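# Chain and residue survey
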Amino acid sequence: MDHREDLIRERAYALWEADGRPEGKAMQHWERAQAEAAVEQASQVRPAGKKAMKNPPETWSIVDEQSDESFPASDPPGNY
């Protein structure tokens with residue numbers, strides 16, 4: 001079992017308890033906990049820079065660095 005599944009299980013249990021421990025709603029609480037975990041995961045932003053990437057590119061310029069640091073901002077880097 002992975003860490004994410006443990007977190008979902010704990011959240012589903014907390015939701016079940018908060019809902020008054022109803023019978024027959026385990027799947028609803030599990031799905032809600034999964035949805036909350038997905039939102040949380042999607043909102044996490046990795047640190048900027050080539051070193052923080054899972055698969056960094058072989059070439060990396062100052063423009064790449066500045067673009068990565070400004071993402072997801074809408075303005076391009078100043079030296080573009």
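Okay, so let's go over this structure. These numbers were taken from a predicted model, which means no experiment stands behind them.

Quick look at helix 2 (residues 26–43) now. Taking 1.5 Å as the rise per residue, helix 2 with 18 residues should run 26 Å; its terminal C-alpha atoms sit 26 Å apart, in good agreement. For helix 2, the complete set of buried residues consists of His29, Ala33 and Ala37. For helix 2, the arc enclosing every buried residue in end-on projection is 70°, short of the 170-degree limit, so these residues lie on one face. Opposite its buried face, helix 2 presents the exposed residues Met27, Gln28, Val39, Ala42 and Ser43, each directed more than 90 degrees away. Lining the buried residues of helix 2 we find helix 1 (3–18).

Quick look at the pattern of salt bridges now. Considering all chains together, one arrives at 5 salt bridges under this definition. Of the charged contacts in the structure, one is a salt bridge between Arg9 and Asp6, with a shortest N-O distance of 3.7 Å. Taken together, the residues span about one helical turn, with Arg9 and Asp6 both in helix 1 at a distance of 3 residues. Residue Arg9 is classed as partly exposed on the basis of its relative accessible area, which comes to 36%. A salt bridge links Arg21 to Glu17; its shortest N-O distance comes to 2.7 Å. According to the relative accessible area criterion, Arg21 is partly exposed, its value standing at 47%. With relative accessibility at 34%, the residue Glu17 sits in the partly exposed group. In this structure, a network of salt bridges that share partners links the residues Glu5, Asp6 and Arg9.

Let us now look at the layout of surface pockets. What the largest pocket holds in volume is close to 210 Å³. Forming the boundary of the largest pocket are Arg4, Leu7, Ile8, Arg11, Ala33, Glu36, Ala37, Glu40, Gln41 and Gln44. Residue assignment for the lining of the largest pocket shows that the elements contributing at least two residues are helix 1 and helix 2. By residue number, the principal contributor to the lining of the largest pocket is helix 2, which donates 5 residues. Counted by class, the lining of the largest pocket contains 4 nonpolar, 2 polar and 4 charged residues.

Calculation notes
- Residues numbered from 1 in each chain as written.
- Predicted model: local features only at pLDDT ≥ 70, side-chain atom pairs only at ≥ 80, totals over all residues.
- Heavy atoms only, no water.
- Helix = DSSP H or I, 4+ residues; strand = E, 2+ residues; numbered from the N terminus.
- Expected span 1.5 Å × (residues − 1).
- Buried < 20%, exposed > 50% of the residue type's maximum accessible area, 1.4 Å probe, protein only.
- Arc of directions from axis to C-beta.
- Contact = heavy atoms within 4.5 Å.
- Salt bridge = Lys/Arg side-chain N within 4 Å of Asp/Glu carboxyl O.
- 1 Å grid on protein atoms, 1.4 Å probe; cavity = no way out; pocket = protein on both sides within 12 Å on 5 of 7 lines; lining within 4 Å.
- Points joined across faces, edges and corners; volume = space filled by probe spheres on them.
- Nonpolar A, V, L, I, M, F, W, Y, C, P; charged D, E, K, R; others polar.

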